[in-house]
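Topology and contacts: notes
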Amino acid sequence: MDCIHLTGIRCYGYTGYLPEEQVLGQWFEVDVKLWLDISTAAKTDAIEDTLDYRSVINLVQHLVKTSKFALVERLVGTIADSILQGCDRVTQVQVTLSKPAAPIPDFSGKISIELTRAKSDL
């Protein structure tokens, strides 16, 4: 199966366990891997025969900006499910969401959640 990778989708959002995370917000980074058949588009050179990935980028940005969940696990699951429900051609999706500046004392790394879902999981 073919894949489209969308990496480095950076958005400001309000998901987090701490109350201030849902008020002040923080930056998130999202990478998406989409499994679909692009063989027809490879021959026709027509966008109608593939996935217009701008719509996926817009969907991810909208969900990160407007969601207020306590857990990033829920946000990542919502993103994956929304992509699968909204994109007929996509058979499987992998979403990696990172908090590059998680509010944890004495921790300068980033936290990432990776989730893989298939249409059959819905």
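Bear in mind the structure is a predicted one, so any value in this text is a computation, not a measurement.

**Concerning helix 4 (residues 72–86)**
Counted at 1.5 Å a residue, the expected span for helix 4 with its 15 residues is 21 Å, and the 21 Å between its end C-alpha atoms agrees. Taken together, the buried positions of helix 4 are Val 72, Leu 75, Val 76, Gly 77, Ile 79, Ala 80, Ser 82, Ile 83 and Leu 84. Contact partners of the buried residues in helix 4: strand 2 (26–36), helix 3 (53–66), strand 3 (92–99) and strand 4 (111–118).

**Focus: the pairing of strand 3**
For strand 3, the tally of buried residues reaches seven of eight residues, placing the bulk of the element in the interior. The pairing of strand 2 with strand 3 spans seven bridges and is antiparallel. Looking at the pairing, Leu 34 lines up with Val 93 of strand 3.

**Details of the packing of helix 3 against helix 4**
Geometrically, a packed helix pair is captured by the angle between its two axes and the distance between the axes. Following both chains from N to C, one finds helix 3 and helix 4 inclined at 150°, their axes separated by 10 Å at the closest point. For the element pair helix 3 and helix 4, the recorded crossing hand is right-handed. Contacts from Val 56, Leu 59, Val 60, Leu 63 and Val 64 in helix 3 reach Leu 75, Thr 78, Ile 79, Ser 82 and Ile 83 in helix 4. Class assignment of the residues belonging to the contact of helix 3 with helix 4 gives a composition of eight nonpolar, two polar and no charged.

Each value, and the rule that gives it
Residues numbered from 1 in each chain as written. Predicted model: local features only at pLDDT ≥ 70, side-chain atom pairs only at ≥ 80, totals over all residues. Heavy atoms only, no water. Helix = DSSP H or I, 4+ residues; strand = E, 2+ residues; numbered from the N terminus. Expected span 1.5 Å × (residues − 1). Buried < 20%, exposed > 50% of the residue type's maximum accessible area, 1.4 Å probe, protein only. Contact = heavy atoms within 4.5 Å. Pairing = 2+ DSSP bridges. Axes fitted to C-alpha atoms, helices over the stretch in contact; angles between N-to-C directions. Left-handed = near helix turned anticlockwise from the far one by under 90°. Nonpolar A, V, L, I, M, F, W, Y, C, P; charged D, E, K, R; others polar.

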